Amino acid sequence: GQQVMQIPQYQHVQEGEDFTTYCNSSTTLSNIQWYKQRPGGHPVFLIQLVKSGEVKKQKRLTFQFGEAKKNSSLHITATQTTDVGTYFCAGLENSGGYQKVTFGTGTKLQVIP
Amino acid sequence: DTEVTQTPKHLVMGMTNKKSLKCEQHMGHRAMYWYKQKAKKPPELMFVYSYEKLSINESVPSRFSPECPNSSLLNLHLHALQPEDSALYLCASSQEGAYNEQFFGPGTRLTVL
């Protein structure tokens, strides 16, 4: 079945430093979504990428979808303590006419003030 | 109302008990999902309902039985669970399919003794 891996597994950064997490799928994806889960919380949708090579920005967050639609990245510029949490990519693929979602392994971000 | 609610928040049950988890949304979403999340792991898709019909069952053991009584409600009936089934059970909904943003509920923390 589809596997979606993320690296790194953990990242500690000083506040103000940049952060990047990388997402790689074993299969070609139709779309990719990114979610953030705060400690003790539930996943919250950040963004969806659909087109090959697509780049989207949300304030300090930049999301990219690879040309082959098998990888993606999330880059945070100048991290803040509010960025703490686990970032998951979620790969979508068609399965018997329905869309199946597979979450990546996640990257846990710690921001040191 | 952009909220998905889940009850109960916490549940402790024995291996011979029968219990149910409940999920509700009033956003008019037509797709609803059950996920299982173990500690420090990503959410794993269990079931997807689309227009109140079961569209995806990720080979989940029959001791988990989903039910979608109407477009706003999703239940997960539990029977003869094992201690390894202890996890956070997350419900989510989206407008139609997974190509739309998924809204997650806060989850039910389940412990099986």
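For clarity, every value in this text was computed on a predicted model and none was experimentally measured. The numbering scheme is per chain: residues are counted from 1 as the chain's sequence reads. Chains and ligands are labelled by the order in which they are written, letters from A for the one and numbers from 1 for the other. In keeping with the model being predicted, local features are shown solely for residues with a pLDDT of at least 70 and side-chain atom pairs are shown and tallied solely at 80 or more, while totals for entire chains, interfaces and linings include all residues. For the side-chain quantities, the full set of heavy atoms in the structure was used; hydrogens and water were omitted.

Caption draft 1: Local environment of the pairing of strand β9 (residues 87–94) of chain B. Residues and elements named next belong to chain B. Think of it in three bands: residues with accessible area under 20% of the maximum for their type are buried, residues over 50% are exposed, and the middle band is partly exposed, with areas taken using a 1.4 Å probe on protein chains only. A run of H or I in DSSP counts as a helix once it spans at least four residues, and a run of E counts as a strand once it spans at least two, with each numbered from the N terminus. Within β9, 8 of the 8 residues are buried, which leaves it mostly tucked inside the rest of the structure. Across 7 bridges, the pairing between strand β4 (residues 31–37) and β9 is antiparallel. In the strand pairing of β9, Tyr33 is matched with Ala92. Any two strands between which DSSP finds at least two bridges are classified as paired. With 3 bridges connecting them, β9 and strand β11 (residues 108–112) associate as antiparallel partners. Directly across from Leu88, in β11, lies its bridge partner Arg109. As judged from the 2 bridges shared by β9 and strand β10 (residues 103–104), these two strands associate in the antiparallel manner.

Caption draft 2: Spotlight on the sheet that holds strand β1 (residues 4–7) of chain B. All names here are of chain B. On the basis of which strands lie adjacent, the open sheet formed by 4 strands has the order β1-β3-β8-β7 and antiparallel pairing. Edge strands, defined here as strands with exactly one partner in the open sheet, are β1 and β7 (64–70). Across this sheet, the average inter-strand angle for adjacent strands is 20 degrees, counted without regard to direction. The pairing of strand β3 (residues 18–25) with strand β8 (residues 73–79) spans 7 bridges and is classified as antiparallel. Only the contacting stretch of a helix is used when fitting its axis, a line to C-alpha atoms as for every element, and angles between N-to-C directions run 0 to 180 degrees.

Caption draft 3: Geometry of the pattern of salt bridges. All names here are of chain A. Definition used for salt bridges: Asp or Glu carboxyl oxygen within 4 Å of a side-chain nitrogen of Lys or Arg. Per the stated rule, a full pass over the model turns up 5 salt bridges over all chains. Between Arg60 and Asp83 there is a salt bridge, and its shortest N-O distance comes to 2.9 Å. Residue Arg60 is found in the loop between β6 (55–58) and β7 (61–65), and its partner Asp83 is found in the loop between β8 (71–76) and β9 (85–95); the two are separated by 23 residues along the sequence. For Arg60, a relative accessible area of 22% translates into the label partly exposed.

Caption draft 4: Representation of the environment of Ala87 of chain B in the model. Residues and elements named next belong to chain B. Take Ala87: it is sitting in strand β9. Take Ala87: its relative accessible area is 5%, and that puts it in the buried class. Distance in space between the C-alpha atoms of Ala87 and Pro106 is 13 Å, their sequence separation being 19 residues.

Caption draft 5: Expanded view of the state of the cysteines. Residue and element names in this part refer to chain B. The disulfide definition used here is simple: a pair of cysteine sulfur atoms within 2.5 Å. The final tally for this structure, using the stated rule, is 2 disulfides over all chains. Each sulfur of the disulfide joining Cys23 and Cys91 lies 1.8 Å from the other. Looking along the S-S bond of the Cys23-Cys91 disulfide, the torsion reads about -70 degrees, which is the left-handed sense. Here Cys23 is found in strand β3, whereas its partner Cys91 is found in strand β9, with 68 residues between them in sequence. With no disulfide of its own, Cys68 has Cys23 as its nearest cysteine by sulfur position, at a separation of 9.3 Å.

Caption draft 6: Highlighting the environment of Asn94 of chain A. Assignment of secondary structure puts Asn94 of chain A in strand β9. The spacing of Asn94 of chain A and Ser30 of chain A is 64 residues in sequence and 7.3 Å in space, taken between C-alpha atoms. Any two residues having at least one pair of non-hydrogen atoms within 4.5 Å are treated as being in contact. Not counting residues up to four positions away in its chain, the partners in contact with Asn94 of chain A are Ser30 and Gln99 of chain A together with Tyr99 of chain B.

Caption draft 7: Inspection of the interface of chain B and chain A at higher detail. Listed by partner, the interface residues are 21 residues for chain B and 20 residues for chain A. In total, chain B and chain A occlude about 1700 Å² of area from one another, counting both sides; carbon and sulfur atoms represent 60% of this. A quick way to say it: buried area is the sum, across both parts, of accessible area lost when two parts are put together, with a 1.4 Å probe. By the criterion of area lost to chain A, the three top residues of chain B are Ala98, Tyr99 and Phe104 of chain B, representing 34% of everything that side buries. Of the charged contacts in the structure, one is a salt bridge between Glu58 of chain B and Lys100 of chain A, with a shortest N-O distance of 3.3 Å.

Caption draft 8: Here's a closer look at empty space enclosed by the protein. Residue and element names in this part refer to chain B. Buriedness for pockets is judged along seven lines, at least five of which must meet protein on both sides within 12 Å for an open set on the 1 Å grid over protein atoms alone, while cavities are sets there where a 1.4 Å probe fits but cannot get out, and lining residues have an atom within 4 Å of a point. Grid points are joined across faces, edges and corners, and a volume is the space filled by probe spheres set on the points. Throughout the structure, instances matching the rule amount to 1 cavity of 30 Å³ or more. Lining the largest cavity are His29, Arg30, Ala31, Met32, Tyr49, Tyr51, Glu52, Cys68 and Ser71. We call Asp, Glu, Lys and Arg charged. Ala, Val, Leu, Ile, Met, Phe, Trp, Tyr, Cys and Pro are nonpolar, and the rest, Gly among them, are polar. Looking at the lining of the largest cavity residue by residue, the classes come out as 5 nonpolar, 2 polar and 2 charged.

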